[in-house]
Amino acid sequence: ERYPNIRFTIFVDSSYKDTFNDIKNLKKKYYNKKLNKTFNFLKAKLKIDIKNRMINKCIKNSDYYIKVGGSIFIENNPNYKEYDREYKTNKNTYILGSNFGPYESNEYYDYFNNLYNNIKDMCFRDKYSHDLFSSSRYASDIVFNLDASKYNKNKKNRIVISMIDLNNYKNLKKYVNEYDNLLINIIKKYQKDYEIYLMGFCKNEGDLNVINRIYNR
């Protein structure tokens, strides 16, 4: 709405194909499950990443590339140096609303320190990440820019817990039981004085799975 003369393109999962259809200057690029399986097969067997090649071509041909994400720089991807193709393809690359880590190796840190120095803007949502990189800037999480004035509010005390399923994270899945028990203890501690809301933001990443798991316990 703010930029009606600009055409935006976003890359989404096919489950979002019917989302934002009312935005006229927005084009969505998505791939169905069958095509994704083909891409994954070619990547695993022939080391050909056609999907990312197509995405990078679109990035290269755009005036700007804006990546909006949260915890997208966790040191759990052994192929992280491939990020060069994504973030350095367009000279006007902006990464917004993210945080850095957890990370363990100096090599990982050094790689991204160099990368952030070679893009247009790196904006972290937390001061810890911002303090790690002199070329970055800090701003509060993008979600806090949402105009919530139209939503009904009451004075009753509430606690909202954002849920993630650790089973989806290779380096974290061993902590599933500890994570679930911690959440249950928090809920039990405050449920007498507060309304507790378990919030999931991504069905595809298993947020609803962990919500149901906690609820059923």
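Treat the numbers as computed from the prediction; the structure is a model and nothing was measured. Every chain is numbered independently, its residues counted from 1 as its sequence is written. Totals for whole chains, interfaces and linings use all residues, but because this is a predicted model, local features are given only for residues with pLDDT of at least 70 and pairs of side-chain atoms are given and counted only at 80 or more. To obtain the side-chain values, all non-hydrogen atoms of the structure were included, while hydrogens and water were left out.

### A look at the sheet that holds strand β5 (residues 121-124)
What counts is decided by this rule: Between any two strands, pairing holds if DSSP finds at least two bridges. Labels follow the DSSP assignment, with helices taken as runs of H or I lasting at least four residues and strands as runs of E lasting at least two, numbered in each case from the N terminus.
Taken in spatial order, the four strands of this open sheet run β3-β4-β5-β6, and their pairing is parallel. Of all the strands in the sheet, the pair left with one neighbour each is β3 (65-68) and β6 (137-138). With four bridges joining them, β3 and strand β4 (residues 93-98) adopt parallel strand pairing. Bridge assignment links V68 to a residue of β4, and that residue is L96.

### What about the packing of aromatic side chains?
Counted only if it meets this: Here a Phe, Tyr or Trp ring, Trp counted by its six-membered ring, pairs with any other such ring whose centre lies within 6.5 Å, and the pair is stacked when the planes are under 30 degrees apart, edge-to-face when over 60, and tilted otherwise. Relative accessibility thresholds used throughout: buried, under 20% of the residue-type maximum; exposed, over 50%; partly exposed, between the two (1.4 Å probe, protein chains only).
Evaluated as defined, the whole model comprises 25 aromatic pairs. Relative to F112, the ring of F100 has its centre 5.8 Å away and its plane inclined at 70°; by these criteria the two rings are edge-to-face. Taken together, the residues F100 in the loop between β4 and α4 (106-116) and F112 in helix α4 connect sequence positions 12 residues apart. Each member of the pair, F100 as well as F112, carries the same accessibility label: buried. Ring geometry for F124 against F133: centres 5.8 Å apart, planes inclined by 25°, an arrangement best described as stacked. For F124, a relative accessible area of 0% corresponds to the buried category.

### Description of the environment of K88
To keep things clear, this is the line we draw: Any two residues whose heavy atoms approach within 4.5 Å are treated as being in contact.
Assignment of secondary structure puts K88 in the loop between α3 (83-87) and β4. In this structure K88 comes out as partly exposed when scored by relative accessible area, which is 35%. Discounting residues that sit within four places of it in the chain, K88 has contacts with Y83, N114, L115 and N118.

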